[in-house]
Amino acid sequence: MVDNDYISMPLAILWSVTAIAFLDHFIYGFRLLKLDWALEKKTGKKSVLRSTIIGASTGCIFKMGSDIGIVIIYSGNAQGSEDRIMIFSFISMCIGGGLISFSLFCITLLSIQAMALAEAGIVATRKRWLILLQRYGFLTIFFSACDIGLILGIVASDIHSFFKSMICSIAVAYAVCGIFFGYMSY
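These numbers were taken from a predicted model, which means no experiment stands behind them.

1. Here we look at the overall build of the chain
Turning to step 1, where the next piece is worked out: The secondary structure content of the chain amounts to 5 helices and 0 strands.
Turning to step 2, where the next piece is worked out: Secondary structure elements of the chain, listed N to C terminal, follow the sequence α-α-α-α-α.
Turning to step 3, where the next piece is worked out: Within the span of the chain, comprising 186 residues, buried residues form 29% of the whole.
Turning to step 4, where the next piece is worked out: Excluding contacts between residues fewer than 6 apart, the proportion of contacts in the chain whose partners are at least 24 apart in sequence is 67%.
Turning to step 5, where the next piece is worked out: Surface accessibility of the chain: about 12,300 Å² in total, with carbon and sulfur atoms responsible for 71%.

2. Digging into the packing of aromatic side chains
Turning to step 1, where the next piece is worked out: According to the stated counting rule, one finds 1 aromatic pair in the structure shown.
Turning to step 2, where the next piece is worked out: Measuring from ring centre to ring centre gives 6.3 Å for Phe 26 and Phe 30, while their planes differ by 25°; the resulting arrangement is stacked. Taken together, the residues span about one helical turn, with Phe 26 and Phe 30 both in helix α1 (residues 5–43) at a distance of 4 residues.
Turning to step 3, where the next piece is worked out: For Phe 26, a relative accessible area of 25% gives the class partly exposed.

3. Structural notes on helix α2 (residues 50–75)
Turning to step 1, where the next piece is worked out: Its 26 residues place the ends of α2 37 Å apart at the C-alpha level, agreeing with the 38 Å of an ideal helix rising 1.5 Å per residue.
Turning to step 2, where the next piece is worked out: Positive phi appears at Gly 76, one or two residues downstream of α2, with a value of about 90°.

4. Focus on the side chain of Asp 67
Turning to step 1, where the next piece is worked out: Examined against the element boundaries, Asp 67 turns out to sit in helix α2.
Turning to step 2, where the next piece is worked out: No salt bridge is formed by the buried Asp 67; the nearest opposite charge belongs to Lys 63, separated by 4.9 Å.
Turning to step 3, where the next piece is worked out: Of note is the side chain of Asp 67, whose polar atom sits 3.0 Å from the side chain of Thr 18.
Turning to step 4, where the next piece is worked out: Not counting the four nearest positions on each side in its chain, Asp 67 is found in contact with Trp 15, Thr 18, Ala 19 and Phe 22.

5. Points about helix α3 (residues 82–120)
Turning to step 1, where the next piece is worked out: Given a rise of 1.5 Å per residue, 39 residues ought to cover 57 Å, and the 55 Å separating the end C-alpha atoms of α3 matches this to within 8%.
Turning to step 2, where the next piece is worked out: Backbone geometry just downstream of α3 places Gly 121 in the positive-phi region, at approximately 85°.

6. Concerning the pattern of salt bridges
Turning to step 1, where the next piece is worked out: Scanning the entire structure with this criterion turns up 2 salt bridges.
Turning to step 2, where the next piece is worked out: Arg 50 is the partner of Asp 36 in a salt bridge, and the nearest nitrogen-oxygen pair spans 2.8 Å. Of this pair, Asp 36 sits in helix α1 while Arg 50 is found in helix α2, placing the two residues 14 residues apart along the sequence. The same class applies to Asp 36 as to Arg 50, namely buried.
Turning to step 3, where the next piece is worked out: For Arg 50, the salt bridge goes to Glu 40, with nearest N and O atoms at 2.7 Å. Within this pair, whereas Arg 50 is found in helix α2, its partner Glu 40 is found in helix α1, the two being separated by 10 residues in sequence.
Turning to step 4, where the next piece is worked out: Within the structure, one salt-bridge network assembled from shared partners comprises Asp 36, Glu 40 and Arg 50.

Conventions and cut-offs
Residues numbered from 1 in each chain as written. Predicted model: local features only at pLDDT ≥ 70, side-chain atom pairs only at ≥ 80, totals over all residues. Heavy atoms only, no water. Helix = DSSP H or I, 4+ residues; strand = E, 2+ residues; numbered from the N terminus. Buried < 20%, exposed > 50% of the residue type's maximum accessible area, 1.4 Å probe, protein only. Contact = heavy atoms within 4.5 Å. Areas by Shrake-Rupley, 256 points an atom, 1.4 Å probe, with all protein chains shown as cover. Phe/Tyr/Trp six-rings, centres within 6.5 Å; stacked < 30°, edge-to-face > 60°. Expected span 1.5 Å × (residues − 1). Lys, Arg positive; Asp, Glu negative; His and termini not counted. Salt bridge = Lys/Arg side-chain N within 4 Å of Asp/Glu carboxyl O. Polar contact = N/O pair within 3.5 Å; in protein donor to acceptor, adjacent residues only side chain to side chain.

Below, the structure is given as structure tokens:
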């Protein structure tokens, strides 16, 4: 799949570093989960963020598996099975990215609710736009990603360019969401 060794080795190193970063995020999420369980034992109350922590940690494991598959491809060790590894990497990247995106979306909604509650009281959390955002916001993001994937599938000439285009569009979506969430936090 990768013809130029000059380009493929730095990319393999880059994807290896991102796999290690996702492993680090998983370990941090697991530590948070253990602290959450200890707090529940102490207080008897379940945290609102438990499912978000579990989802983000599981998503990090899937993303790490995806990155390892891409490292195998770029390092040249996947002779003859690049397509299968690419499909595995793409599926695990979509699952991991979806879980991480869902966790970020849930945390953002909780932050928006907390700001509305602090500014205007309980009445502000009952506004129609916030209720619609809670119910249908993630579905809107999901269907937008499906539309982008469909358009890229129609435009792409082969499966490799489709996967490359999809990975680039996911990276751009992460960057836009990062800027948006950073703006919302200030």
